[in-house]
Amino acid sequence: MTRQGEIHVLVVEDHAMVSESLVRMLNAQPDIAVTGVASTGAAARQSVETQQPDVVVLDQDLPDSTGTAVAGWLRDCYPHVNVVLLTGWADDSVLAAAIEAGCAGYVRKTSAFAELVGAVRQVHAGEAAFPADVLIHALSRMGGSGSKLGKELSDREMEILRLLSEGCTNRVVAESLHLSVNTIRNHVQLILRKLEAHSKLEAVMTAQRKGILRRR
C-alpha cells in the first residue's frame, strides 16, 4: 500500500538479486515506494503504461534493449516520468546517449546506494542528478561546431546556462542571480526551446558541443 506524497518508482533490472536489493533498499526509504519491477525493455514499457510511476530506475543493459532506448521512448510518450539510468560502464558515449534520451539522472553501479536514493529524490523534484566528475569530463571532451543553434539566447539565459553547466540547481541559480525559482524555471524553458533540448543537461551538452558556452 502506497502513502500520499510518496515517490512511486518502477525498477527495471534483469538480474534478480540486484533487482531485489534495489526494491528492498528503496522501499526502506520513508518517502519512496517501489510500485513495480520489470526485467526487460518490453516489460518496462508495459509497466509504465499501466502503473504511471513518477520515476523509473532503469538498467542500461537489458536482454531485449538498452536503457537509453527505453528512456527515449519514455521521453516521447511519457515526458512527465523521470528516468535514472543505472550503468556499470563509465563511458562518455553512454552518458551522451542518456542525456539525449532525456534521462534526468545517471548513477554508476559502483556508487553507494545513497547516491541512487538521492538521484531519485532529485529527479522527482525536477533537478538533474549526474555525477559532477562524469559530467565535467564529458563536457571537457566536446568542441564547438559553429552551429547557429542558440544564437538567440539572451545574456541572462547565457548566465543561467553557465550556472547550469556547473551543476547548479534551479534554487542555487535563483539565489546566485537574486531571482525567484519560478523566474529561473521560465528562463530554463526558453533555453530548452532555443537549444531544441528536452532537459537541462541536454541543453548544457548541446551548448558545449556547439561552442555556445564559450561565447561572451
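Structure shown above.
Residues numbered from 1 in each chain as written. Predicted model: local features only at pLDDT ≥ 70, side-chain atom pairs only at ≥ 80, totals over all residues. Heavy atoms only, no water.

Novice: Outline the packing of helix α2 (residues 41–51) against helix α3 (residues 67–77), supporting the account with residue identities and numerical values.
Specialist: With their axes 10 Å apart at the nearest point, α2 and α3 run at an angle of 25° to one another. Between α2 and α3, the angle falls in the class roughly parallel. Crossing angle aside, the handedness with which α2 passes α3 is right-handed. Contact residues: α2 offers Gly 41, Ala 44, Arg 45, Val 48 and Glu 49, while α3 offers Ala 69, Val 70, Trp 73 and Leu 74. (Axes fitted to C-alpha atoms, helices over the stretch in contact; angles between N-to-C directions. Helix = DSSP H or I, 4+ residues; strand = E, 2+ residues; numbered from the N terminus. Parallel < 35°, antiparallel > 145°, perpendicular 65-115°, else oblique. Left-handed = near helix turned anticlockwise from the far one by under 90°. Contact = heavy atoms within 4.5 Å.)

Novice: So, the sheet that holds strand β3 (residues 55–59): which residues are in play, and what are the values?
Specialist: Within the open sheet, the 5 strands sit side by side as β2-β1-β3-β4-β5. Their pairing is parallel. Strand pairing shows two members of the sheet lacking a second neighbour, β2 (32–38) and β5 (105–108), which therefore form its edges. Strand after strand, the sheet turns through a mean of 20° between neighbouring axes, direction not considered. Packed onto the sheet, α2 meets β1 (7–12), β2 and β3 and runs at close to 135° relative to β2. This element, α3, spans β3 and β4 (82–87) of the sheet and lies at about 155° to β3. (Pairing = 2+ DSSP bridges.)

Novice: Could you give an account of the pattern of salt bridges, naming the residues involved and the relevant values?
Specialist: Pairing between side chains of opposite charge can happen when their charged atoms approach one another. Summed over the entire model, instances satisfying the criterion amount to 7 salt bridges. Measuring nitrogen to oxygen at the nearest pair gives 3.1 Å for the salt bridge that ties Asp 59 to Lys 109. Of the two residues, Asp 59 sits in strand β3 while Lys 109 sits in the loop between β5 and α5 (113–124), which places them 50 residues apart along the sequence. Using a relative accessible area of 1% as the deciding quantity, one classes Asp 59 as buried. Among the ionic pairs, Lys 194 bridges to Glu 157, the shortest N-O distance being 2.9 Å. One end of the pair, Lys 194, is in helix α9 (residues 181–195); the other, Glu 157, is in helix α7 (residues 155–165), with 37 residues separating them in the sequence. (Salt bridge = Lys/Arg side-chain N within 4 Å of Asp/Glu carboxyl O. Buried < 20%, exposed > 50% of the residue type's maximum accessible area, 1.4 Å probe, protein only.)

Novice: Can you explain unusual backbone geometry? Please cite residues and give values.
Specialist: A positive phi angle, near 60°, is found at His 178, a position not held by glycine. For His 178, the location among the structural elements is in the loop between α8 (170–177) and α9. Here His 178 falls in the exposed class, since its relative accessible area comes to 73%.

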